[in-house]
Amino acid sequence: MPSHPSRRSLIRGIAAATTAATLATGLAACGGDSDAATTTAAAGTVTVGKVSNGAATETTLKVSEVKSISAELPASVRKSGTLRIAIGALPDGFPPLAFVGSDQKTLTGAEPDFGRLVAAVLGLRPEVKNFTWENMFVGIDSGRADVGFSNITDTEERKKKYDFASYRKDNLGFEVQKKSTWNFDGNYENLAGRTVAVDNGTNQEKILLEWQTKLKKEGKTLTVKNFAGKNATYLALTGGRIDAYFGANPGLAYHEKQSADSPAPTRSAGTFSGAGTTLQGLIAATTKKDSGLAKPIADAVNHLIENGQYAKWLAAYNLSNEAVDKARVNPPGLPLDNS
């Protein structure tokens, strides 16, 4: 199984895929571990995609406390009335998952918005804090934050210190011109005869080169291209010099959304698990081990799935291809020998 992307290479892939369509404002994160404004609208509603400057379709969802689920919360959290949500987006953010919005203060994106939806089901006020990636875990460890919603992959190594509630697939993806008829369909053999761009030094490059080797043994070709920057990559894609770009799925989904009204729109041509062929990687809410929060959070996610708000949240951020059918507490994660 291919090695899992490091945090640095994954965020590099997400961030790189946004360069050609950078938000006009709001990509600079607030300094320090600061609270950001929430996107809760009227009582019983949460607005996702607010001040996202085009990264999402602003959508107001009706979400009310579910007493049977909030009753599962640890007494200390229930008494506080607050869910302290850690996001590891400092210093620059990574749209569409987490970044400072166009008002220059609200931490927006798919991850903080989902934390707010979960908090609403739990009957808690969301308090969103922006950390560096490393300090986000320190915040959870020290009790400064209750849960991390920040594209955190479920791994067996992390389970030594944390409990997980899964809520999204951890995927890589292929982006093609909208007019293209090619699709990956989960089969590397469909890459035969194609030219595909990938970011140098990333996990997706390693996977693509492994597929290239397999195809070569079968007497087939796969041409792999690296470009100096994302502008060059997308110019090559729209100019027909490459057939597809293989990168971190959220970043591709963001670019696809940004290009929708351009003369050269793109689309997703399929996804592939960031954990490799034998395991579907999962993104999970992350809590301190034995804190008692993982189960009520998973139950809140399942409530959102069953009542349709989950699908609308994903659709707002063009991430429907990362939907899971059910949230699970501590599902199988990336093995210890590949974490």
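(A) Inspection of the overall build of the protein chain at higher detail. Looking only at helices and strands, the protein chain has ten helices and 15 strands in total. Relative to its 339 residues, the protein chain shows a buried fraction of 55%. Long-range contacts, defined as pairs at least 24 residues apart, comprise 78% of the intrachain contacts of the protein chain with a sequence gap of at least 6. As displayed, the protein chain has an accessible area near 13400 Å², and 50% of this comes from carbon and sulfur atoms.

(B) Broad picture of the packing of aromatic side chains. Under the counting rule described, the total for this entry stands at 18 aromatic pairs. Between Phe114 and Tyr310, the aromatic rings sit 6.0 Å apart at their centres with planes inclined by 70°, giving edge-to-face as the arrangement. Within this pair, whereas Phe114 is found in helix α4 (residues 110-121), its partner Tyr310 is found in helix α10 (residues 309-316), the two being separated by 196 residues in sequence. Overall, Tyr310 belongs to the buried group, its relative accessible area being 3%. Arranged with centres 5.4 Å apart and planes meeting at 50°, the rings of Phe149 and Tyr167 form a pair that is tilted. Taken together, the positions of Phe149 in the loop between β8 (147-148) and β9 (162-169) and Tyr167 in strand β9 put the pair 18 residues apart, joining distant regions of the chain. Site record: aromatic cluster; members linked through ring pairs are Phe174, Trp182, Phe184, Trp211, Phe246 and Phe272.

(C) Structural context of the side chain of Lys230. Tracing the chain through its elements places Lys230 in helix α7 (residues 230-238). A distance of 2.2 Å separates polar atoms of two side chains, one belonging to Lys230 and the other to Asp199.

The rules behind these values
- Residues numbered from 1 in each chain as written.
- Predicted model: local features only at pLDDT ≥ 70, side-chain atom pairs only at ≥ 80, totals over all residues.
- Heavy atoms only, no water.
- Helix = DSSP H or I, 4+ residues; strand = E, 2+ residues; numbered from the N terminus.
- Buried < 20%, exposed > 50% of the residue type's maximum accessible area, 1.4 Å probe, protein only.
- Contact = heavy atoms within 4.5 Å.
- Areas by Shrake-Rupley, 256 points an atom, 1.4 Å probe, with all protein chains shown as cover.
- Phe/Tyr/Trp six-rings, centres within 6.5 Å; stacked < 30°, edge-to-face > 60°.
- Polar contact = N/O pair within 3.5 Å; in protein donor to acceptor, adjacent residues only side chain to side chain.

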